[in-house]
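Fold and geometry: a report
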Amino acid sequence: MTAHRPGIGDNGGPPLDDPAPASPPEPPRLASDAACARCLHWNPPSEREEADYRAWKGGYGRRVKEPSGHCFRVMHRPGGPVSFAGTMGRSRCFNYEAKPPPATDVRGRGFVTIWGPGDKILWQGREGEEPAEFRQGELGL
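Residues numbered from 1 in each chain as written. Predicted model: local features only at pLDDT ≥ 70, side-chain atom pairs only at ≥ 80, totals over all residues. Heavy atoms only, no water.

Time to look at the overall build of the protein chain. A tally of helices and strands in the protein chain yields 1 helix and 4 strands. Seen in sequence order, the protein chain has helices and strands lined up from the N terminus as α-β-β-β-β. Per-residue burial over the protein chain gives 18% buried out of 141 residues. Summing over all exposed atoms, the protein chain offers an accessible surface of approximately 11,800 Å²; the carbon and sulfur share of this is 55%. (Helix = DSSP H or I, 4+ residues; strand = E, 2+ residues; numbered from the N terminus. Buried < 20%, exposed > 50% of the residue type's maximum accessible area, 1.4 Å probe, protein only. Areas by Shrake-Rupley, 256 points an atom, 1.4 Å probe, with all protein chains shown as cover.)

Here it is, written out as structure tokens:
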């Protein structure tokens, strides 16, 4: 058996007709909506910090830093260690879990007082919880 002797211009690499080596696997990708502000693990900054920042962005008051919350379960790389970090609401990590949707929508339900003859209060409570005799949609008008 004779040993292969490289010719002129041959650097000892693989033959050119061989298929290209397999590409590395796709790295894990973050969800498009994966942001700390929408994550179950994230603790938001105080209302005061957010109010100060909004005021500064609106042109009032002194310059303040963007408010930051914190998370005890930040994972910077897939399969990496989980650690604590202070993060902005727009930050992202590989340990993202979406917050569950709110159980009920309580917006638009104000406090209602139903007055009767002689300035007498007949009923008080939240909108939508009033007794059937006071609901106009159910009255035979």
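Moving on, there is more to tell.
What follows covers the nonpolar core. Among the nonpolar cores identified, the biggest contains 7 residues, and these are C36, C39, W42, C71, V74, A85 and C93. Those residues in contact with A85, other than ones at most four positions away along the chain, are G69, H70, C71 and V74. (Core = buried A, V, L, I, M, F, W, Y, C linked by side-chain atoms within 4.5 Å. Contact = heavy atoms within 4.5 Å.)

Of note, C71 is situated in strand β1 (residues 69-74). Exposure remark for C71: the relative accessible area of 4% places this residue in the buried category. Here the alpha-carbon distance between C71 and T87, two residues 16 residues apart in the chain, equals 7.1 Å. With sequence-adjacent residues up to four places away left out, C71 is seen in contact with H41, W42, S83, F84 and A85.

Summed over the entire model, instances satisfying the criterion amount to 2 aromatic pairs. Between the aromatic rings of Y53 and W56, the centroid separation amounts to 5.9 Å while the plane-to-plane angle is 40°, which identifies the pairing as tilted. Taken together, the positions of Y53 and W56, both in helix α1 (residues 47-57) and 3 residues apart, correspond to about one turn of that helix. Owing to a relative accessible area of 26%, W56 belongs among the partly exposed residues under this scheme. (Phe/Tyr/Trp six-rings, centres within 6.5 Å; stacked < 30°, edge-to-face > 60°.)

Don't take any of this as a statement about function, it's just geometry.
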